[in-house]
Protein chains: 2
Amino acid sequence: MLKNKPKKAKYLVGVDLGGTTIITVVTDIHGKVIASVKCLSEVKEGVKAVINRIVDTIYATVAKAKLQIDEVLTIGIGAPGPLSTKTGIIIDAPNLDGWVNVPLRDLVKKAFNQKIPVFLENDANAAAYGEFWIGTGKNVSTLIILTLGTGIGGGIIIDKKLYRGPDDTAGELGHISVFPNGPVCNCGNNGCLEAIASATGMVNRAVDALRLGRRSLIRDLAEHDLNRVTAKMIYQAVLKGDKLAKDIMQETGRYIGIAAASLVNIFNPEMIVFSGGMINAGDYLLDPIRDEVKKRAFPQPAKRVKILPAKLGENAGAIGAAGIAYCELKQD
Amino acid sequence: MLKNKPKKAKYLVGVDLGGTTIITVVTDIHGKVIASVKCLSEVKEGVKAVINRIVDTIYATVAKAKLQIDEVLTIGIGAPGPLSTKTGIIIDAPNLDGWVNVPLRDLVKKAFNQKIPVFLENDANAAAYGEFWIGTGKNVSTLIILTLGTGIGGGIIIDKKLYRGPDDTAGELGHISVFPNGPVCNCGNNGCLEAIASATGMVNRAVDALRLGRRSLIRDLAEHDLNRVTAKMIYQAVLKGDKLAKDIMQETGRYIGIAAASLVNIFNPEMIVFSGGMINAGDYLLDPIRDEVKKRAFPQPAKRVKILPAKLGENAGAIGAAGIAYCELKQD
């Protein structure tokens, strides 16, 4: 495919299609972002409207980068799954208003008259690849990425390659059983890391404690309406020295650390990178993770592994999608 | 190295050095066993004596196969770790009477006048590779092997290659935290799979139940001495329909299934192969593992994964060591 592209095509497009927003970037082949555009997804308008929006945004981002569309070497799209990277089809995405069997890759390819290779990737894997390609994990061969937000996603890089598994379902690291008799997870299992230590899980534990009458600034921040408690409020209360908030944050870190210690014993990774909204809590969250890994994992891999926050922020998925598409193109 | 070997060298030697026995095999390059010899390790006699015994046994096995030593292409040795596959040094092996920094690979190489390439591998990885090479996992690309015995060992094969991690410590699958507040494991962590569901963990749970006064045939098999209870007795009692033994075996399977479900969500493997003494219990043990994976893991990878017993029995480690040495030789 590389041979068929005009010589001047040397830029990459990455798209991160989420349930709420679409982030599009244009990068050079080293991942340097030249332009980015963020817009609402409006998935309720249906597949066709969303595809049109993706295509329009790609043109807009390319224009913003002061480039022509024929200077684009490849397009990578990160999207919620389950999906197939081989067929480029979104199989069944609850986060995209229930898209079922949407051949997203081929639809976008068609919109560019089949002239630009398009690659579809799971959004968590795309974000993980971004951090590996030009973020915290740059120059690292073997690393794990955990994205801590409403849910907990994961990505596995082994020998500088994304590990997807035979059905593209590998890396569901939020669904490691941490407390097998614990709360029910969205996936149906009990006691998954996600059920306990995602932003949602953390808020649930805070609300439980508040219901039991624990004093806390969180109560004031939520204007005494426990339905309004957010992970951000817990972090704000931590910063102001609130005891309950600190306890909840520490406990969250310890729970994540239990799963991280298992991952250290399984993979002997060089690095575990944490991304997502929750890492705004910084070392308040990362230190108990580090402590738990040191306490629980084998000494040699525990000494080896670096536990660090991600660098790329909300653009990680779009940048990673561009990088994966470039990587796939080179392998063709 | 291949070029320096005489043309007729086309057989492999594999050695499984354990704390109790040494198993040595001669195979062809397809893993077919031509001869095998088993002897006691007598590690207490010291490094030199053990190396001599390994060398003597290699000569004896080659003679038994009606071959000459110069027909041996390479020698693989599986040994307890931690060890380094890169340097061929056993770093610190509690199971070998405390061997520290023993350059096993080079000592064996020297004994054959540097004429035969030697490769050192972790014993759990060697056994895993054996099952992948010519056992249950033959023709499978991505699989996990769990060895259930006194401890629980693991091996990871990704894209037909053994995954070792940067420090050769990956695959410690017996040390996934299953019940983070559970019993203390030999590794120092709490609630590792090994602490709960190894033969030792299973016996401990049976003895606890017997101490509480539960009736069971196990008591008779142990001649009313609870210190004499073994995993084998539990299995024998299962076969005779004993209620407690069946409960304990089922519970063991469920605990293993919790970790297996996490591994299915992490790796999306094609297969999980169980080896080691405990698999004599067959489906009494494997069925609850399968049930738990079905209940806990994501539907797609849970449907994909086959959960099966190993085929090679006690020779797996020696055969796998031969196979790994051959694989490394080809990569040189």
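Anything mentioned here points back to the structure above.
A few points on the structure. (Residues numbered from 1 in each chain as written. Chains lettered and ligands numbered in written order. Predicted model: local features only at pLDDT ≥ 70, side-chain atom pairs only at ≥ 80, totals over all residues. Heavy atoms only, no water.)

Turning next to the sheet that holds strand 6 (residues 89-93) of chain A. Residue and element names in this part refer to chain A. Across the sheet, three strands lie side by side as 5-6-7; this open sheet has antiparallel pairing. The open sheet terminates on both sides in strands that have one partner only, identified here as strand 5 (83-84) and strand 7 (99-102). Alignment of strand 6 against strand 7, held across three bridges, turns out to be antiparallel. By the bridge assignment, alanine 93 is partnered in strand 7 with tryptophan 99. (Pairing = 2+ DSSP bridges. Helix = DSSP H or I, 4+ residues; strand = E, 2+ residues; numbered from the N terminus.)

Adjacent strands of a sheet pair through backbone hydrogen bonds, lying either parallel or antiparallel. Residue and element names in this part refer to chain B. Spatial strand order, 3-2-1-4-8: five strands in an open sheet with mixed pairing. Looking along the sheet, the strands with just one partner apiece sit at the ends: strand 3 (33-40) and strand 8 (118-122). Looking at each pair of strands side by side, their axes are set apart by 15° on average, direction ignored. In terms of strand pairing, strand 4 (residues 72-79) meets strand 8 through five bridges, oriented parallel. Directly across from glycine 78, in strand 8, lies its bridge partner glutamate 121. Here helix 2 (residues 104-111) sits on the sheet and contacts strand 1 (11-17), strand 4 and strand 8; the angle it forms with strand 8, its principal contact strand, is near 150°. In the packing of helix 3 (residues 123-134) onto the sheet, contacts are made with strand 1, strand 2 (21-28), strand 4 and strand 8, and the angle to strand 8 comes to roughly 100°. (Axes fitted to C-alpha atoms, helices over the stretch in contact; angles between N-to-C directions. Contact = heavy atoms within 4.5 Å.)

Now for the packing of helix 5 (residues 199-211) of chain B against helix 8 (residues 243-267) of chain B. Residues and elements named next belong to chain B. Here helix 5 crosses helix 8 at 140°, and the two axes come no closer than 10 Å. Here helix 5 is positioned oblique relative to helix 8, judged by the angle of their axes. At the point where helix 5 passes helix 8, the crossing takes the right-handed sense. Here Met202, Arg205, Ala206, Ala209 and Leu210 of helix 5 come into contact with helix 8, specifically with Leu244, Ile248, Met249, Glu251, Thr252 and Tyr255. (Parallel < 35°, antiparallel > 145°, perpendicular 65-115°, else oblique. Left-handed = near helix turned anticlockwise from the far one by under 90°.)

Under the defined criterion, the tally for this structure stands at 32 salt bridges over all chains. Where Lys38(A) meets Glu314(A), a salt bridge forms, and the shortest distance between an N and an O atom there is 2.8 Å. Taken together, the residues span a long stretch of sequence, with Lys38(A) in strand 3 (residues 33-40) and Glu314(A) in the loop between strand 13 (306-309) and helix 11 (316-331) at a distance of 276 residues. Judged by its relative accessible area of 49%, Lys38(A) falls in the partly exposed class. According to the relative accessible area criterion, Glu314(A) is partly exposed, its value standing at 48%. Here Arg164(B) makes a salt bridge to Glu121(B), at a shortest N to O gap of 2.6 Å. In this pair, Arg164(B) is assigned in the loop between strand 11 (161-162) and helix 4 (193-197) and Glu121(B) in strand 8, connecting sequence segments 43 residues apart. (Salt bridge = Lys/Arg side-chain N within 4 Å of Asp/Glu carboxyl O. Buried < 20%, exposed > 50% of the residue type's maximum accessible area, 1.4 Å probe, protein only.)

Turning to the relation of the copies chain B and chain A, a few remarks are in order. Both copies of the chain are placed relative to one another by a rotation about an axis and a shift along it. Rotating chain B by 180° and moving it 0.0 Å along the rotation axis overlays it on chain A with an RMSD of 0.0 Å. With respect to symmetry, the two chain copies, as superposed, fit the operation of a two-fold axis. Same-surface contact between copies: 100% of interface residues of chain B are shared with the interface of chain A. (Least-squares fit on C-alpha atoms with pLDDT ≥ 70 in both.)

Take unusual backbone geometry next. For the bond running from Gly81(A) to Pro82(A), omega is 0°, close enough to zero to count as cis. Tracing the backbone shows Pro82(A) in the loop between strand 4 (72-79) and strand 5. Within the chain, Asp97(A) stands out as a residue other than glycine whose phi angle is a positive 55°. One can find Asp97(A) in the loop between strand 6 and strand 7. Phi is positive for Asp168(B), which is not a glycine, with a value near 60°.

With that out of the way, let us pick up helix 5 of chain B. Residues and elements named next belong to chain B. Helix length check: helix 5, at 13 residues, gives a terminal C-alpha distance of 18 Å against a target of 18 Å (1.5 Å per residue), a fit within 8%. Buried residues of helix 5: Ala199, Gly201, Met202, Val203, Arg205, Ala206, Val207, Ala209 and Leu210, and no others. Residues of helix 5 that are buried sit in contact with helix 4, helix 6 (217-221), helix 7 (231-239) and helix 8. (Expected span 1.5 Å × (residues − 1).)

This part covers the pairing of strand 10 (residues 152-158) of chain A. On a regular strand, each side chain points to the face opposite its neighbour's, so the side chains alternate between the two faces of the sheet. Residue and element names in this part refer to chain A. Among the seven residues in strand 10, seven count as buried, and that is most of the element. Burial along strand 10 is two-sided: Ile152, Gly154, Ile156 and Ile158 and Gly153, Gly155 and Ile157, pointing in opposite directions, are all buried. The sheet contact formed by strand 9 (residues 143-148) and strand 10 spans six bridges and is antiparallel. When the bridges of strand 10 are listed, leucine 148 appears paired with isoleucine 152. The pairing of strand 10 with strand 11 (residues 161-162) spans two bridges and is antiparallel. Bridge pairing in strand 11 places isoleucine 158 opposite lysine 161. As consecutive antiparallel partners, strand 10 and strand 11 are separated by two residues, and within that stretch aspartate 159 has a phi angle of approximately 50°, a positive value.

What follows concerns the environment of Phe179(A). Relative to the elements of secondary structure, Phe179(A) occurs in the loop between strand 11 and helix 4 (193-197). The spacing of Phe179(A) and Ala111(A) is 68 residues in sequence and 47 Å in space, taken between C-alpha atoms. Leaving out residues up to four positions away in the same chain, Phe179(A) has contacts with Asn190(A), Gly191(A), Ile196(A), Tyr255(A), Ile258(A), Pro180(B) and Asn181(B).

Residues and elements named next belong to chain B. Between its terminal C-alpha atoms helix 1 (residues 47-64) stretches 25 Å, which fits the 26 Å expected from 18 residues at 1.5 Å a residue. Buried within helix 1 we find Val50, Ile51, Arg53, Ile54, Val55, Thr57, Ile58, Thr61 and Val62. Where helix 1 is buried, its residues contact strand 1, strand 2, strand 3, strand 4, strand 7 (99-102) and helix 2. Just beyond helix 1, the residue with positive phi is lysine 66, at close to 60°.

In this section: the side chain of Thr169(A). Position of Thr169(A) relative to the elements: it lies in the loop between strand 11 and helix 4. You can call Thr169(A) buried: its relative accessible area is 10%. Engagement of the side chain of Thr169(A) in a polar contact is seen with the side chain of Asn268(B), the distance being 3.3 Å. Among residues more than four places away in sequence, those in contact with Thr169(A) are Arg164(A), Asn265(B), Asn268(B), Gln300(B) and Pro301(B). (Polar contact = N/O pair within 3.5 Å; in protein donor to acceptor, adjacent residues only side chain to side chain.)

The subject of this paragraph is the packing of helix 3 of chain B against helix 11 (residues 316-331) of chain B. Residue and element names in this part refer to chain B. Where helix 3 meets helix 11, the closest approach of the two axes is 6 Å, and the angle between their N-to-C directions is 80°. The angle between the axes of helix 3 and helix 11 places the two elements in the roughly perpendicular class. When helix 3 is examined against helix 11, the residues Asn125, Ala126, Ala127, Tyr129, Gly130, Glu131, Trp133 and Ile134 are found in contact with a partner set consisting of Ala316, Gly317, Ile319, Gly320, Ala321, Ala322, Gly323, Ile324 and Cys327. Per-class residue counts for the contact of helix 3 with helix 11 are 11 nonpolar, five polar and one charged. (Nonpolar A, V, L, I, M, F, W, Y, C, P; charged D, E, K, R; others polar.)

So, to be careful, I would describe these as geometric facts and stop short of saying anything about function.
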